Amino acid sequence: MKLASWNVNSLKVRLPQLAAWVETAQPDVLGLQETKLEDEKFPLDQIRALGYHAVFSGQRTYNGVALLSKSPATDVVNELAPGFDPQRRVLAATVGDTRVVNFYVVNGQSVGSDKFAYKLSWLDAAHEFLRGELAKHPNVVVMGDFNIAPEDRDVHDPDAWREQVLCSTPEREALTRIRALGFHDSFREREAEGGHYSWWDYRMGAFRRNLGLRIDLIFVSDPMRARVKGAGIDRAVRREERPSDHAPVWTELDS
DNA sequence: ATGGTGGTGCGACCA
């Protein structure tokens, strides 16, 4: 089973690239973030034509998540807790014997800002949400744009990013608490080296210079850990014309 | 020089 996550930064703009990538990559499950589309405008016909079912939770201009899957998704949930957050950042659903959680984690703008406080409280709520998911399902995958680089080896210039947003200690500790529930970074099950990134700023020729961060992550729960047989980042997609600022990340599981 | 790019949607805002 192949699982993938991609922050598309506007599904409307990226639909042709999505179609091309899905055609070759053929993920069984694909979590999208920053679709930036109201549900009435979700391109369901085009997604179905690619051979996928889709569930989605969108809003205008900002945020928005979707979950594409070759087999249908059931028991769909689109918030961390009832009424917790009007922003559409969460989609959880069951696909086969796997509970899939797709997150678009709050960016946080800058350490100490109001948005940063919102990010930390959002991550607390995500922690509680995932505790509940694990209580109900043994096989849980948590994927998405976490807007956190877990470790210095996920950062092109750790000293420049030291205690900056996306890399700060409070964010990393929040992620560590989530991981301590019993999740494993599937990419790190297969690759120990640094220099692998999933996001590059549009500005300053960051992609060309490989000034990136690995902030798009796929976690698997304890019972799934030994099944991780491959993981990667399709950075070629970032090289295309009019790309998202994120590349798709994927994990392959046995059976 | 707090610059630079891109998406949304037409002026900021968010990332």
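Please read these numbers as outputs of a predicted model, since none were measured by experiment. (Residues numbered from 1 in each chain as written. Chains lettered and ligands numbered in written order. Predicted model: local features only at pLDDT ≥ 70, side-chain atom pairs only at ≥ 80, totals over all residues. Heavy atoms only, no water.)

### Side note on the sheet that holds strand 6 (residues 90–95)
Short version of the rule: Criterion used throughout: strands pair if DSSP finds at least two bridges between them. Numbering of helices and strands runs from the N terminus, with a helix taken as a DSSP run of H or I at least four residues long and a strand as a DSSP run of E at least two residues long. Between the N-to-C directions of two axes lies an angle of 0 to 180 degrees, each axis being a line fitted to C-alpha atoms and, for a helix, fitted only over the stretch in contact. Whether two residues touch is decided by their heavy atoms; if any such pair falls within 4.5 Å, the residues are in contact.
Reading across from one edge, 5-6-7-8-12-9 is the order of the 6 strands in this open sheet, with mixed pairing throughout. Strand pairing shows two members of the sheet lacking a second neighbour, strand 5 (74–77) and strand 9 (183–185), which therefore form its edges. Strand-to-strand twist in this sheet, taken as the mean axis angle between neighbours without regard to direction, amounts to 20 degrees. Across 3 bridges, the pairing between strand 9 and strand 12 (residues 216–221) is antiparallel. Opposite D185, over in strand 12, you have F219 as the bridge partner. Helix 3 (residues 114–136) rests against strand 5, strand 6, strand 7 (98–104), strand 8 (140–145), strand 9 and strand 12 of the sheet, and its axis sits at about 175 degrees to strand 7.

### Observations concerning the environment of D85
Selection rule: Only protein chains enter the calculation, and the probe is 1.4 Å; a residue is then buried if its accessible area is under 20% of its type maximum, exposed if over 50%, and partly exposed in between.
Within the secondary structure, D85 sits in the loop between strand 5 and strand 6. Under the relative-accessibility criterion, D85 is labelled buried at 10%. As a C-alpha pair, D85 and A192 span 107 residues in sequence and 35 Å in three-dimensional space. Setting aside residues no more than four positions away along its own chain, D85 makes contact with Y118 and W122.

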